[in-house]
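Here is how the chains run, residue by residue.
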Amino acid sequence: MSTSNERVLITGAAGFLGSHLCDRFIKEGYHVIGMDNLITGDLRNIEHLFKLEQFEFYHHDVSKFIHVPGDLKYILHFASPASPIDYLKIPIQTLKVGSLGTHNCLGLAKSKKARILVASSF
């Protein structure tokens, strides 16, 4: 349980897993920064969080440079289309989020001295 309102970045925040991680980390006392480009994520998964001061949302593609001001304790990189149907529809974006997105998250983790968890569906 976080007692100092530590901050966590969750990429893919509007997806199934990401949205549940947002809920869990807020419940544990963290300030959550959700990030998603909404290609396969859905804002309805996290709309209940928008009224909370412990939550902020960045509509951003992690395949592009990531800037998050302030400290971060953790980065949970869950941004990726997670369906074979999506892989066929958007193969380039899927590859970019797995490669460039991971590269950008790792760079952010290094600059913030944050711990990172990378999840991949491929």
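Note that the coordinates shown come from a computational prediction; the quantities given were computed from them, not determined experimentally.

(A) Quick look at the overall build of the protein chain. Secondary structure summary: the protein chain contains three helices and five strands in total. The N-to-C order of helical and strand elements in the protein chain reads β-α-β-β-β-α-α-β. Principal axes of the C-alpha set define a box for the protein chain whose edges measure 45 × 30 × 20 Å. Among the 122 residues that make up the protein chain, the fraction classed as buried is 39%.

(B) Geometry of the nonpolar core. Core analysis: the largest hydrophobic core is formed by 14 residues, its most contacted members being Leu9, Ile66, Val68, Leu72, Ile75 and Leu108. Where this core is concerned, the elements lending two or more residues are strand E2 (31–36) and helix H3 (91–112). The element contributing the most residues to this core is H3, with four residues. Excluding residues within four positions of it along the chain, Leu72 makes contact with Arg7, Val8, Leu9, Ile33, Leu108, Lys112 and Ala114. Listed in part, the 13 residues of the second largest apolar core include Phe25, Ile26, Val32 and Leu49.

Parameters and conventions
For every chain, the first residue of its written sequence is number 1, and the numbers climb from 1 along that sequence. Only residues with pLDDT of at least 70 are given local features in this predicted model, and only at 80 or more are side-chain atom pairs given and counted; all residues enter the totals for whole chains, interfaces and linings. In computing side-chain values, all of the structure's heavy atoms are included and hydrogens and water are not. Only DSSP runs of H or I reaching four residues or more are called helices, and only runs of E reaching two or more are called strands; each is numbered from the N terminus. Here's how the labels work: a residue is buried when its accessible area is under 20% of the maximum for its type, exposed when over 50%, partly exposed in between, all with a 1.4 Å probe on protein chains only. By nonpolar core is meant a set of buried Ala, Val, Leu, Ile, Met, Phe, Trp, Tyr and Cys residues that side-chain atoms within 4.5 Å join together. In this analysis, two residues are considered to be in contact whenever any of their non-hydrogen atoms come within 4.5 Å of each other.

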